[in-house]
Amino acid sequence: MGALLPKPFLSMAGVLLLIYTVRSLIRSPLITKLVIVVAPEREALLRDILDVHGPVSVPICIVHGGLERQDSVRLGLAALDPECEIVVIHDAARPFIAAEIIDRSVAVAAEVGGALVAIPARDTIKRVGENSMILETVPRQSLWLAQTPQTFRVHLIREAHARALSEGVVATDDAALVEQLGGQVKVVLGDPLNFKITTPDDLRLAEVLLEKRLETEGWRLVKK
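For clarity, every value in this text was computed on a predicted model and none was experimentally measured.

### Some thoughts on helix H1 (residues 17-25)
A turn of α-helix holds 3.6 residues, and therefore any two residues three or four places apart point the same way. Burial of H1 is extensive: nine of the nine residues sit out of reach of the surface. The set of residues buried in H1 consists of Leu17, Leu18, Ile19, Tyr20, Thr21, Val22, Arg23, Ser24 and Leu25.

Below, the structure is given as structure tokens:
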């Protein structure tokens with residue numbers, strides 16, 4: 001992004017990305033607690049932001065993250081309440097997640113163990129060699145683009161992370177760790193608007209979407 005602060009702390013249309021993501025998550029009645037994983041040096045800033053924009057309707061626990069995303073997820077899992085059976089793992093930089101998608105992912109995870117929110121690949125996909133020459137056209141009929149949330153039975157995802165840690169396995173998402181464990185992960189249809197804000201262009205698009213939502217829904221976040 002090229003910004004001084006991490007993406008969740010950036011503003012879009014006058015609303016902090018993190019705050020909008022939090023509000024989107026707690027629209028689901030199945031979300032009863034949030035564990036926010038943050039770099040230690042950003043904890044004070046996070047607490048200040050939550051104080052200004054809170055309170056929210058569910059408890060929030062703040063946990064220090066690790067060097068990599070996988071480490072941060074594992075540390076977040078360790079902070080779950082003992083009675084928690086299903087965990088919804090979500091990127092803070094995906095603010096437009098819909099409550100219905102969260103609810104469907106929880107239902108699927110309860111049924112089979114894991115749920116991956118994803119959308120079908122729409123574009124033609126090419127496999128390209130080091131010299132930029134096309135090697136093959138990959139059939140897209142069975143290809144899906146992974147999003148978050150990725151939702152799991154707690155004992156399953158904890159076991160997957162523990163094994164990955166002990167064996168030195170690094171994956172780009174949590175579903176891959178469950179796959180390597182032999183667990184089942186079922187796709188839940190996502191939404192193209194549930195995109196991850198990664199570049200300045202993404203942030204500009206998010207601002208346009210947010211402004212339209214504020215106009216049509218009348219949703220105003222309290223800013224002090």
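### Here we look at the nonpolar core
In this structure, Phe9, Leu34, Leu46, Leu50 and Ile102 are the most contacted members of the largest nonpolar core, which totals 27 residues. The set of elements that each furnish at least two residues to this core consists of H1, strand S3 (34-38), helix H2 (43-53), helix H4 (99-112) and strand S6 (114-120). With six residues, the single largest contributor to this core is H4. Among the nonpolar cores identified, the runner-up in size contains 17 residues, and Leu77, Val154, Ala164 and Ala171 belong to it.

### Regarding the packing of aromatic side chains
Tallied over the full model, the rule gives two aromatic pairs. Their ring planes at 65 degrees and their centres at 5.5 Å tell us that Tyr20 and Phe96 sit as a pair that is edge-to-face. With Tyr20 in helix H1 and Phe96 in the loop between strand S5 (86-89) and H4, this residue pair connects regions lying 76 residues apart in the sequence. Phe96 gets classed as buried once you look at its relative accessible area, which sits at 2%.

### Things to note about the packing of helix H3 (residues 69-78) against helix H5 (residues 154-167)
Interaxial distance between H3 and H5 falls to 10 Å at its minimum, and their mutual angle equals 135 degrees. Here H3 is positioned oblique relative to H5, judged by the angle of their axes. For the pair H3 and H5, the crossing hand works out as left-handed. In this structure, H3 uses Gln70, Val73, Arg74, Leu77 and Ala78 to contact H5, whose residues at the interface are Ile157, Arg158, His161, Ala164 and Leu165. Residues belonging to the contact of H3 with H5 are distributed by class as follows: six nonpolar, two polar and two charged.

### What about a nonpolar patch on the surface?
A contiguous nonpolar surface patch, about 270 Å² in accessible area, is contributed by Trp144, Val187 and Leu189. Relative to the helices and strands, Leu189 is located in strand S10 (residues 186-189).

### Looking at the sheet that holds S5
Reading across from one edge, S5-S9-S6-S10 is the order of the four strands in this open sheet, with mixed pairing throughout. Every other strand in the sheet has two partners, leaving S5 and S10 as the edge strands with one partner each. Within this sheet the neighbouring strands show an average axis-to-axis angle of 30 degrees, counted without direction. Pairing of S6 with strand S9 (residues 144-153), which is carried by six bridges, proceeds in the antiparallel orientation. Counted as the bridge partner of Ala118 is Ala146 from S9. Packing against the sheet, H4 makes contact with S5, S6, S9 and S10, and its axis sits at approximately 60 degrees to S9. Against the sheet, H5 touches S5, S6 and S9, its axis set at about 110 degrees to S9.

### Section: the pattern of salt bridges
Under the criterion given, the structure shown has eight salt bridges. Taken together, the shared-partner salt bridges in this structure form one network comprising Arg69, Asp91, Arg94 and Asp174.

### Points about the layout of surface pockets
In this structure, the largest pocket encloses a volume near 1,400 Å³. As for the largest pocket, its lining consists of 45 residues, and the residues nearest its centre are Val35, Ile36, Val37, His90 and Ala92. Elements with a minimum of two residues in the lining of the largest pocket: H1, S3, H3 and S5. Of the residues in the lining of the largest pocket, the class split is 28 nonpolar, seven polar and ten charged. Volume-wise, the second largest pocket comes out at about 180 Å³. Every residue lining the second largest pocket is counted, 13 residues in all, and those nearest its centre are Ala146, Gln147, Gln150, Thr172 and Asp173. Those elements that place two or more of their residues in the lining of the second largest pocket are S9 and helix H6 (174-181).

### Some remarks on the side chain of Asp173
Inspection of the secondary structure puts Asp173 in the loop between H5 and H6. For the buried Asp173, no salt bridge is present, and the opposite-charge side chain at shortest range is Arg69, 6.9 Å distant. Separated by 3.0 Å, the side chains of Asp173 and Gln150 make a polar contact. Reaching out from Asp173, the side chain makes a polar contact with the backbone nitrogen of Ala176 at a distance of 3.0 Å. If sequence neighbours within four positions are ignored, Asp173 has contacts with Arg69, Leu116, Ala146 and Gln150.

Rules of the game
- Residues numbered from 1 in each chain as written.
- Predicted model: local features only at pLDDT ≥ 70, side-chain atom pairs only at ≥ 80, totals over all residues.
- Heavy atoms only, no water.
- Buried < 20%, exposed > 50% of the residue type's maximum accessible area, 1.4 Å probe, protein only.
- Helix = DSSP H or I, 4+ residues; strand = E, 2+ residues; numbered from the N terminus.
- Core = buried A, V, L, I, M, F, W, Y, C linked by side-chain atoms within 4.5 Å.
- Phe/Tyr/Trp six-rings, centres within 6.5 Å; stacked < 30°, edge-to-face > 60°.
- Axes fitted to C-alpha atoms, helices over the stretch in contact; angles between N-to-C directions.
- Parallel < 35°, antiparallel > 145°, perpendicular 65-115°, else oblique.
- Left-handed = near helix turned anticlockwise from the far one by under 90°.
- Contact = heavy atoms within 4.5 Å.
- Nonpolar A, V, L, I, M, F, W, Y, C, P; charged D, E, K, R; others polar.
- Patch = residues over 30% accessible without salt bridge, like charges linked within 9 Å, V, L, I, M, F, W, Y side chains within 5 Å.
- Areas by Shrake-Rupley, 256 points an atom, 1.4 Å probe, with all protein chains shown as cover.
- Salt bridge = Lys/Arg side-chain N within 4 Å of Asp/Glu carboxyl O.
- Pairing = 2+ DSSP bridges.
- 1 Å grid on protein atoms, 1.4 Å probe; cavity = no way out; pocket = protein on both sides within 12 Å on 5 of 7 lines; lining within 4 Å.
- Points joined across faces, edges and corners; volume = space filled by probe spheres on them.
- Lys, Arg positive; Asp, Glu negative; His and termini not counted.
- Polar contact = N/O pair within 3.5 Å; in protein donor to acceptor, adjacent residues only side chain to side chain.

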